[in-house]
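# Secondary and tertiary structure notes
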Amino acid sequence: MLPYSLLDLAPINQGGSVAQALNNSRRMAVLAEQCAYQRVWLAEHHGMQGVASSATALVIGHIASATKNIRVGSGGIMLPNHSPLVIAEQFGTLEALYPGRIDLGLGRAPGSDMATARALRRDLNSPVDDYPQSIRELQGFLGPSKGEAAIHAVPGQNSNIPLWLLGSSLYSAQLAASMGLPYSFASHFAPDQLYDALSIYRHHFKPSKQSQSPYVSAGLMAVVAQSDEQAQYLFTSVQQQFIKMRRGVNQAFSAPVDSIVGLCSEAERLMINHTLQFALVGSQATVKAKLAQFLAATQVDEIIVSMPIFDIEARLKSVELFAECMA
């Protein structure tokens, strides 16, 4: 059975609170574990009114403490925002508390607007070449202790936490391949370079201590309900979110509406349809058919799904129904 996992942004609903968002994430992770999901990942974003997972390592601990066996990690930590030593200490601590269950997915985007990135004290002038070097530093901090080293990550050293590289471009595919790391492509919001990225990653993969062969996952949005009509209704929440992002509007996650017609222009509607072209929206029968086409075309080793649903009960039901699709 193909492994399937869950990506969570801890959405803050309009009229809701951060505390409610984090409790909803906790409930979803507990159910995901019961439904045999492989892992739950939290995403780092900053300054977004609809996302509660900015302190990603803290939220990972919150989720790991509520579960027993499911892997928990980042999808991802935006490494240019942080020093490798700080990340090694944070995730080394998580690994000590929840041994054998922590993943560390890495990305290179700021996960924010530029003003927020400056407030994070990120070096905005650092070249792209710093990213591979930062990954190597992080690997060193998480690997075996070297007595002659001037700097030690405590906790962190000897934890050997598995790293993943995340991305939505050919650069990330090339880097993951050259470093021999598992790779997760963000096809849930960046579909255009999916097939080229998969081809590059697989063709250029070089075995490493962590991975002897290529391993790739792909992100998908999934909204599964009892009927296609109900799923399409629930899906209007994330459609509204993408309209707001295009317009530069920063608001909490919207309740669903009967139709987005009238809420957006034709150009915006086309943009949404293109960006979310791989979304699995519908009844179980519809989702199974769409998923089969995607898997046949990509041959990925794992899928990771985001459930952008406003109502927590409907979100939990979608988690359950999707797991049944994978059984």
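Each value, and the rule that gives it
Residues numbered from 1 in each chain as written. Predicted model: local features only at pLDDT ≥ 70, side-chain atom pairs only at ≥ 80, totals over all residues. Heavy atoms only, no water. Salt bridge = Lys/Arg side-chain N within 4 Å of Asp/Glu carboxyl O. Helix = DSSP H or I, 4+ residues; strand = E, 2+ residues; numbered from the N terminus. Buried < 20%, exposed > 50% of the residue type's maximum accessible area, 1.4 Å probe, protein only. Disulfide = S-S within 2.5 Å. Expected span 1.5 Å × (residues − 1). Arc of directions from axis to C-beta. Contact = heavy atoms within 4.5 Å. Pairing = 2+ DSSP bridges. Right-handed = clockwise from strand over helix to strand, strands pointing away. Phe/Tyr/Trp six-rings, centres within 6.5 Å; stacked < 30°, edge-to-face > 60°.

Quick look at the pattern of salt bridges now. Under the defined criterion, the tally for this structure stands at 6 salt bridges. Two residues, Arg247 and Glu268, come together in a salt bridge whose shortest N-O distance is 2.8 Å. With Arg247 in helix α8 (residues 228-247) and Glu268 in helix α9 (residues 266-275), this pair connects stretches of sequence that are 21 residues apart. On the accessibility criterion, Arg247 (48% relative accessible area) is partly exposed. Note on Glu268: relative accessible area 8%, which makes it buried. Between Arg269 and Glu266 there is a salt bridge, with the nearest N and O atoms lying 2.5 Å from each other. With a gap of 3 residues between them, Arg269 and Glu266 both fall in helix α9, about one helical turn apart. Given the relative accessible area of 30%, Arg269 is considered partly exposed. Put simply, Arg39, Arg71, Asp103 and Glu302 are held in one network by salt bridges that share partners.

Here we come to the environment of Lys317. Looking at the secondary structure, you find Lys317 in helix α11 (residues 312-326). Measuring from C-alpha to C-alpha, the distance between Lys317 and Met271 comes to 28 Å, with 46 residues separating the pair along the chain.

A few words now on the state of the cysteines. One pass over the full model with this rule turns up 0 disulfides. Among the cysteines around Cys325, which has no disulfide bond, Cys35 carries the closest sulfur, lying 11 Å off.

This brings us to helix α1 (residues 18-34). For α1, built from 17 residues, the straight-helix expectation of 24 Å at 1.5 Å per residue is met to within 8% by its first-to-last C-alpha distance of 25 Å. Buried within α1 are the following residues: Ala21, Asn24, Ser25, Met28, Ala29, Leu31 and Ala32. All buried residues of α1 fall inside an arc of 165° around its axis, so they share one side. Turned more than 90 degrees from where α1 packs its buried face, Ala19 and Gln34 sit exposed. On its buried face, α1 sits against β1 (4-8), β2 (39-42), α2 (56-66) and α11. One or two positions beyond α1, positive phi appears at Ala36, with a value near 70°.

Attention shifts here to the pairing of strand β3 (residues 71-78). A regular strand places its side chains so that they alternate between the two faces of the sheet. Of all 8 residues making up β3, 7 are buried, and the element is well covered by its neighbours. By the bridge criterion, 4 bridges tie β2 to β3 in an arrangement that is parallel. Among the inter-strand pairings, Arg39 is bridged to a residue of β3, identified as Arg71. The parallel pair β3 and strand β4 (residues 102-107), bridged by helix α3 (residues 84-97), forms a crossover whose chirality is right-handed.

A ring pair, where both rings are aromatic, is described by two values, the distance of the centres and the angle of the planes. Across all of its chains, the model carries 9 aromatic pairs by this definition. Relative to Phe278, the ring of Tyr195 has its centre 6.5 Å away and its plane inclined at 85°; by these criteria the two rings are edge-to-face. Residue Tyr195 is located in helix α7 (residues 194-204), and its partner Phe278 is located in the loop between α9 and β8 (280-282); the two are separated by 83 residues in the primary sequence. Owing to a relative accessible area of 15%, Phe278 belongs among the buried residues under this scheme. Judged by centre distance (5.2 Å) and plane angle (70°), the ring pair of Phe278 and Phe294 falls under edge-to-face. Separated by 16 residues along the polypeptide, Phe278 in the loop between α9 and β8 and Phe294 in helix α10 (residues 284-298) bring together distant segments of the chain. On the basis of relative accessible area, Phe294 is assigned to the buried category, the value being 5%. A network of ring pairs unites the aromatic residues Tyr183, Phe185, Tyr201 and Phe205 as a single cluster.

Such coordinate-based values are descriptive only and should not be taken to indicate function.
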